[in-house]
Amino acid sequence: MVFAAPNEALAGAQGVLDADPPPLHASVAHQVIGIWHRDFGDIQIALGHLRRARDLAARAESADREADVLATLGVALVHAGRTRQGLTSFERGIARGTGHTRARVLYRRAYVWWVLGRHREALGDVRRAIPVLRQADDVIWTARALTLRATVHLALGAVDRADADFTAAERLWETTGQEHDKADAVESRGLAAFRSGDIPAALRLLDEAEERYAKLGTPTFMLCVRRCEVLMAAGLAPEALAEADAAIAALDEIGGQSTRKAELLLAAARAARSAGDPHTAIARAAVAVRLFAGQRRTWWETHARLVLIEARVAAGRRSGRMVADAARVAERLASFGSPAAPEASLLAGRIALALGWTADAERHLAVAARSRRAGPPPARMTGWAAQALRARAAGSGRGVLQACRRGLDVLDDHRMTLGASELRARATAQGAELAALAQEAGLARGGPRRLLEWSERWRATILSAPPTRPPADPALLSGLTAFREIAARAEAARMDGRPVPALEREQRRLEREIRSRTLHMRGTAPGYGDTSSFDPRRLLDRLGDTRLVELAVLDGRVHVLLCGQGRVRRFEGGALAEAVAEAEHVQAGLRRLAHPGAEARLPVVEAGGRRLQELLLAGAVRHLGSGPVVVVPPGALHRVPWALLPSLRERVLSVSPSAGSWLRARDTEPPPGGRQVLVRGPGLATGGAEVPELAGRYGTATVLEGDDAQVPRVLDELDGATLAHLAAHGTFRADSPLFSSLRMSDGPLIVHDFERLDRSPYRIILSSCDTARLASVGADELLGLVTALLPLGTAGVVASSAPVSDAAVVPLMLALHKGLGAGLSLAEALRDARAALPGDAVHQATGWAFAAFGAA
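Residues numbered from 1 in each chain as written. Predicted model: local features only at pLDDT ≥ 70, side-chain atom pairs only at ≥ 80, totals over all residues. Heavy atoms only, no water.

With respect to empty space enclosed by the protein
Next, step 1: For the structure shown, the criterion picks out four cavities of 30 Å³ or more.
Next, step 2: For the largest cavity, the calculated volume is near 200 Å³.
Next, step 3: Lining the largest cavity are 23 residues, and of these His638, Trp642, Val655, Leu774 and Phe853 lie nearest its centre.
Next, step 4: Where the lining of the largest cavity is concerned, the elements lending two or more residues are α33 (785–789), β15 (796–800), α36 (841–849) and β16 (850–854).
Next, step 5: For the lining of the largest cavity, the element with the most residues is β16, which contributes three residues.
Next, step 6: Of the residues that constitute the lining of the largest cavity, the class distribution is 18 nonpolar, five polar and no charged. (1 Å grid on protein atoms, 1.4 Å probe; cavity = no way out; pocket = protein on both sides within 12 Å on 5 of 7 lines; lining within 4 Å. Points joined across faces, edges and corners; volume = space filled by probe spheres on them. Helix = DSSP H or I, 4+ residues; strand = E, 2+ residues; numbered from the N terminus. Nonpolar A, V, L, I, M, F, W, Y, C, P; charged D, E, K, R; others polar.)

Here is the structure:
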């Protein structure tokens, strides 16, 4: 019962002890209480009960009972970090037990071997146990043994064998009432899905396992370790670190297993390293190494040492000793059959290259490169990264580009299995090194045109194909509805000055639930949405008198690629860090200028625009010509108000996440019917004053305001519209960009809602604050309202990257629509609308804050 209904088993065992039972029955009761505390409570309390159970079994003169307790005690001792005592307890248990009981003892020792990372010993014991358990028709223990054997196979990279054992175990579990074991089986299937590269399925199964554990009221520390691994692979390292640290704190609070703490520390170290926090990674990994060493868990200790060396390298440390340490770790991991061995060899090669030890580097990189042909996507990408570094060290630019192309193809195929745009964007971080190597080699081998090709190969890949449309999942739909209601109630409470902590907690819970369900979505088949087919000749043919300025970043400096007149030219810009800092200063100035009385800031903001032009356009300014300009910035520069730059102020100017997405927008045909939709949300200072006038101008436009401006109705009208104008308060969520929103009468309209559209409006105008703000994630990807719309059929967007004056927005929007009515594009109409504004600081700042995205 302790694994079917843990808390009931605990109460039942205590009831047996209260009845003054004979030694045999008391031994069972103490063993049950010991198991409960071992797995769900205080490990020291567990040891006390299990020793008492052992002594009572000896008094009862039952050798099999004593053997069974000795096995349970052995597991607890190992989890407490007393490995030698635990293994001794198993030796005594195997000697005391016979037949069926001995098979159960062998199964539990196999589990301990797995905990210790001694996988071959684990397989040996479990293979001895399974035939005996089957012969005894012991369904529960046979299913446990099959699940364990599958888990060991996974650790050794034998995914097919693991799948077969998991399937067999699952069939057996369905015939039992072992709810905890069933949850564990679901968790193990999640691990198998992850090992086979199916991240959405892994997240779904781990979430299902967590729900099952929650119903039983049992802690989920091992599940946390596994979820952290999956979250990191999905590019969600900060979340993995927060989850691991929270689990460590919870484990310490209950005095839980030392072995689990070490595993959680290792998970936290890996997450911190992936999140770009090497000092936290060093601190967590160093403690994990000490704990694993004390527990005699060499397999785990070696993996922790790998993370420790990686974190030290990330912190800027390099030495000959670190090369030797990484090589030694690689050898040990290879001897264990660990999939992490190529990663360690790559690390050794990287450090050797940094020290100029080319012969040593070649030796280690050659070993790492072997993994490029087979295995899960991360292992193959590790291999191709090693091959690219080998080629660069050998002076073969062609070899570098071939390896980078193959590695990024692996990433693309993996990325397209992910349905959620957030996961696709974050997954690109895994290819950042390959992309940087390719850009460097491309520039050296083929000049500006080749650099443009590789910049495009890596830029805005999530826009190359629409995200998977969320399923008609009743739970997801009800979650979105509940989220809107709670968010609206919280906003009303804030405006009334009432406390909102309870509402905010419920809102965060609903956000987690919605996000979790969207992350479970699987993507299309690999190969859909090809990002490697960009052709510079096609771009140059389509530009006409337009100039496209693509900004690439190499070694922290901006390279300006000016495309037009049948050629691509390169100009040296400034340091990226300086440009990012200047853009933040300018944004702060625009925020001030959105309010009257800040006119003195105008010269400072204009000076910032001149400085940005020097850093970001450099010598290209003299070659822009007189026609339209398209700017393609990297993700780090998404906050630059491009219309503020002197050479761009009076131009037809548009912004695009990539040259490829600009071409796709150019080729996007407007939907038939020419429908216009005008939406006016609540709470605007002007009440969305432009909407009534626009309604009169368009005549047949659908106008949604008041109770009509509710999210379901708004989405229904937006789907397939030719033009949409949304006058509604915008909120950007840097912590969770896909919950950035526009306020409707029934609550927020979020990015997740837009992704449910069959086709978003051909042109969409967002007339409020912060609607163009984006979060930079992954390698060079952006998440937010604008980038959600572009892959869904929208060819052009007008939106603001800063807070704006509601009053100053009205004349800008009216002038913008006047230009559209005259047949102008969004970029042309926005240029003319800026010029028509009054010359005061507030109106000028409002005009600079808005930008046209796309090509409509």
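Remarks on the packing of aromatic side chains
Next, step 1: Summed over all chains, the structure comprises six aromatic pairs.
Next, step 2: Between Trp36 and Phe40 the ring centres are 6.0 Å apart and the planes differ by 75°, which places this aromatic pair in the edge-to-face class. Of the two residues, Trp36 and Phe40 are both situated in helix α2 (residues 23–40); the distance of four residues between them amounts to about one turn of the helix. No difference in accessibility class separates Trp36 from Phe40, as the two residues are buried.
Next, step 3: Aromatic pair Phe483 and Phe739: ring centres 5.4 Å apart, planes at 65°, arrangement edge-to-face. (Phe/Tyr/Trp six-rings, centres within 6.5 Å; stacked < 30°, edge-to-face > 60°. Buried < 20%, exposed > 50% of the residue type's maximum accessible area, 1.4 Å probe, protein only.)

Section: unusual backbone geometry
Next, step 1: One non-glycine residue, Asp20, adopts positive backbone phi at about 55°.
Next, step 2: Relative to the helices and strands, Asp20 is located in the loop between α1 (6–18) and α2.
Next, step 3: When its relative accessible area of 70% is taken as the criterion, Asp20 is described as exposed.
Next, step 4: Phi angles above zero are rare outside glycine, and Glu61 is one such case at about 55°.
Next, step 5: Within the secondary structure layout, Glu61 lies in the loop between α3 (43–59) and α4 (63–79).

Here we look at the pairing of strand β2 (residues 557–564)
Next, step 1: The buried fraction of β2 is high, at seven of eight residues.
Next, step 2: In the sheet, strand β1 (residues 547–554) pairs with β2 via seven bridges, with the strands oriented antiparallel. Pairing of Leu554 across the sheet is with Arg557, part of β2.
Next, step 3: Taking the residues between adjacent antiparallel strands as the criterion, β1 and β2 are bridged by two residues, where Asp555 takes a positive phi near 50°.
Next, step 4: Relative to strand β3 (residues 567–575), β2 is paired through seven bridges, and the arrangement is antiparallel. Residue pairing for β3: Gly564 is matched across the bridge by Arg567.
Next, step 5: Connecting β2 to the antiparallel partner β3 that follows it, the hairpin turn spans two residues, and Gln565 within it adopts a positive phi of roughly 55°. (Pairing = 2+ DSSP bridges.)

Regarding the side chain of Arg834
Next, step 1: On the secondary structure map, Arg834 appears in helix α35 (residues 826–836).
Next, step 2: For Arg834, which is buried and forms no salt bridge, the nearest opposite charge comes from Asp832, at a distance of 8.8 Å.
Next, step 3: Among the polar contacts listed, one links the side chain of Arg834 to the backbone oxygen of Phe850, at a separation of 2.8 Å.
Next, step 4: When near neighbours in sequence (up to four residues on either side) are disregarded, Arg834 contacts Ala643, Leu812, Gly847, Trp848, Phe850 and Ala851. (Lys, Arg positive; Asp, Glu negative; His and termini not counted. Salt bridge = Lys/Arg side-chain N within 4 Å of Asp/Glu carboxyl O. Polar contact = N/O pair within 3.5 Å; in protein donor to acceptor, adjacent residues only side chain to side chain. Contact = heavy atoms within 4.5 Å.)

Notes on helix α19 (residues 358–369)
Next, step 1: Taking 1.5 Å of rise per residue, the twelve residues of α19 would be expected to cover 16 Å, and the 16 Å separating its terminal C-alpha atoms lies within 8% of that figure.
Next, step 2: Those residues of α19 not exposed but buried are Ala361, His364, Leu365, Ala368 and Ala369. In an axial view of α19, the angular spread of the buried residues amounts to 140°, which keeps them on one side of the axis.
Next, step 3: As for α19, its buried residues are in contact with α17 (320–336), α18 (341–354) and α20 (377–393). (Expected span 1.5 Å × (residues − 1). Arc of directions from axis to C-beta.)

Some details on the environment of Ala490
Next, step 1: The topology assignment puts Ala490 in helix α24 (residues 474–496).
Next, step 2: For Ala490, a relative accessible area of 0% corresponds to the buried category.
Next, step 3: In this structure, the C-alpha to C-alpha distance between Ala490 and Gly117, residues 373 residues apart in sequence, is 49 Å.
Next, step 4: Beyond its immediate stretch of four places on either side in the chain, Ala490 contacts Val500, Leu503 and Gln507.

Observations regarding the side chain of Gln676
Next, step 1: Take Gln676: it is sitting in strand β6 (residues 676–680).
Next, step 2: At a separation of 3.2 Å, a polar atom in the side chain of Gln676 contacts the main-chain carbonyl oxygen of Gly674.
Next, step 3: Discounting residues that sit within four places of it in the chain, Gln676 has contacts with Tyr698, Thr700, Ala701, Thr702 and Leu723.

Let's talk about the confidence of the model for the protein chain
Next, step 1: Residues with a pLDDT of 70 or more make up 95% of the protein chain, whose mean pLDDT is 88.
Next, step 2: Per-residue pLDDT stays below 50 along residues 525–530; that stretch engages in ten contacts with residues further than four places along the chain or on separate chains. (pLDDT = per-residue confidence, 0-100.)

Points about α35
Next, step 1: By the burial criterion, the buried members of α35 are Leu826, Ala827, Ala829, Leu830, Ala833 and Arg834. For α35, the arc enclosing every buried residue in end-on projection is 160°, short of the 170-degree limit, so these residues lie on one face. Turned more than 90 degrees from where α35 packs its buried face, Ala835 and Ala836 sit exposed.
Next, step 2: Taken together, the buried residues of α35 touch β5 (653–655), β12 (763–766), β15, α34 (806–821), α36 and β16.

Considerations on the sheet that holds strand β11 (residues 747–750)
Next, step 1: Here we have three strands laid out as an open sheet, ordered β9-β10-β11, and antiparallel in their pairing. The two strands at the open ends of the sheet, each matched to only one other strand, are β9 (730–731) and β11.
Next, step 2: Against the sheet, α24 makes contact with β10 (741–744) and β11, and its axis sits at roughly 130° relative to β11, the strand it touches most.
Next, step 3: Against the sheet, helix α31 (residues 711–718) engages β10 and β11, with an angle of about 30° to β11. (Axes fitted to C-alpha atoms, helices over the stretch in contact; angles between N-to-C directions.)

Things to note about the pattern of salt bridges
Between side chains of opposite charge, a pair can form when the charged atoms approach closely.
Next, step 1: Scanning the entire structure with this criterion turns up 54 salt bridges.
Next, step 2: Between Asp207 and Arg227 there is a salt bridge, and its shortest N-O distance comes to 2.6 Å. Placement of Asp207 in helix α11 (residues 199–216) and of Arg227 in helix α12 (residues 221–233) is noted, with a sequence separation of 20 residues between them. The exposure classification of Asp207 matches that of Arg227, with both residues buried.
Next, step 3: Salt bridges here are not isolated pairs; linked through shared partners, they connect Asp207, Glu210, Arg227 and Glu243.

Brief notes about the state of the cysteines
Between two cysteines, a covalent bond joining their sulfur atoms is known as a disulfide.
Next, step 1: Tallied over the entire structure, the rule returns zero disulfides.
Next, step 2: You can see Cys224 has no disulfide; the closest cysteine sulfur is in Cys228, sitting 4.1 Å from it. (Disulfide = S-S within 2.5 Å.)

Observations concerning the packing of α20 against helix α23 (residues 432–458)
Between two packed helices, the angle of one axis relative to the other and the distance separating the axes together describe the packing.
Next, step 1: At a minimum axis distance of 10 Å, the contact between α20 and α23 shows a crossing angle of 25°. When the axis of α20 is compared with that of α23, the two are roughly parallel. In this structure, α20 meets α23 at a crossing whose hand is left-handed. On the side of α20, the interface is formed by Met381, Trp384, Ala385, Ala388, Leu389 and Arg392, while α23 contributes Glu433, Leu434, Leu437 and Glu440.
Next, step 2: Broken down by class, the residue content of the contact of α20 with α23 amounts to seven nonpolar, no polar and three charged. (Parallel < 35°, antiparallel > 145°, perpendicular 65-115°, else oblique. Left-handed = near helix turned anticlockwise from the far one by under 90°.)

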